[in-house]
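Working through the structure, step by step
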Amino acid sequence: KKCCLSKEIAASEKRDQYIKKTSKKDDLSHSFFECDVDALSNSVLDLIESKDFDMAKEVCRKLQNEYPDQVDGLERLAFVLEAEGNFGKAAEYYRKTIDFMKKNPGFDEEGIQWYTEKVEQLKSKGK
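Notes on the structure follow. All values derive from a computational prediction rather than experimental measurement.

1. Points about the packing of aromatic side chains
Counted according to the given criterion, the structure contains 4 aromatic pairs. With a centroid separation of 6.2 Å and an interplanar angle of 55°, the aromatic rings of Phe79 and Tyr94 are classed as tilted. Within this pair, whereas Phe79 is found in helix H4 (residues 72-84), its partner Tyr94 is found in helix H5 (residues 87-103), the two being separated by 15 residues in sequence. With respect to burial, Phe79 and Tyr94 carry one shared label: buried. Ring centres of Trp114 and Tyr115 lie 4.9 Å apart, and the angle between their planes is 90°; this geometry places the pair in the edge-to-face category. In this structure Trp114 comes out as partly exposed when scored by relative accessible area, which is 45%.

2. Digging into the packing of helix H2 (residues 37-49) against helix H3 (residues 53-66)
Packed helices, taken two at a time, are described by the angle between their axes plus the distance between the axes. Running from N to C, H2 and H3 cross one another at 160°; their axes reach a closest spacing of 8 Å. With respect to their mutual orientation, H2 and H3 come out roughly antiparallel. Note on packing geometry: the crossing formed by H2 with H3 is left-handed. Together, Val37, Leu40, Ser41, Ser43, Val44, Leu47 and Ile48 of H2 and Phe53, Met55, Ala56, Val59, Cys60, Lys62 and Leu63 of H3 make up the contact between the two elements. Its residues assigned to classes, the contact of H2 with H3 comprises 11 nonpolar, 2 polar and 1 charged.

Reading the values: rules and limits
- Residues numbered from 1 in each chain as written.
- Predicted model: local features only at pLDDT ≥ 70, side-chain atom pairs only at ≥ 80, totals over all residues.
- Heavy atoms only, no water.
- Phe/Tyr/Trp six-rings, centres within 6.5 Å; stacked < 30°, edge-to-face > 60°.
- Helix = DSSP H or I, 4+ residues; strand = E, 2+ residues; numbered from the N terminus.
- Buried < 20%, exposed > 50% of the residue type's maximum accessible area, 1.4 Å probe, protein only.
- Axes fitted to C-alpha atoms, helices over the stretch in contact; angles between N-to-C directions.
- Parallel < 35°, antiparallel > 145°, perpendicular 65-115°, else oblique.
- Left-handed = near helix turned anticlockwise from the far one by under 90°.
- Contact = heavy atoms within 4.5 Å.
- Nonpolar A, V, L, I, M, F, W, Y, C, P; charged D, E, K, R; others polar.

Nothing here speaks to function; it is geometry throughout.
Here's what the structure looks like:
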């Protein structure tokens, strides 16, 4: 990730500037959203940390629409839903993440197992 660090910092700074300059968080046409998939995906984590779940969901939708061949949109949406306390919906998106990982090359069994355990943990929280 060292090679992408400067891009991620720049995207984070753009996001912060965007949020400060506008009160229209639902306007996805600004340059903040014009960054690469890694920076966009990582911005979801920042938005979760700041508890801006609505904006985080918008970024997840953008990830899903613009990068359907990447797992990030599904995975990050699961993170957002879990952070909100919506455990049933989060488990659903973790299952979608697992399905994506099983159908596409490059994912190891350990990662799939981690998400499978996450679904089980969320089932017990939802009861």
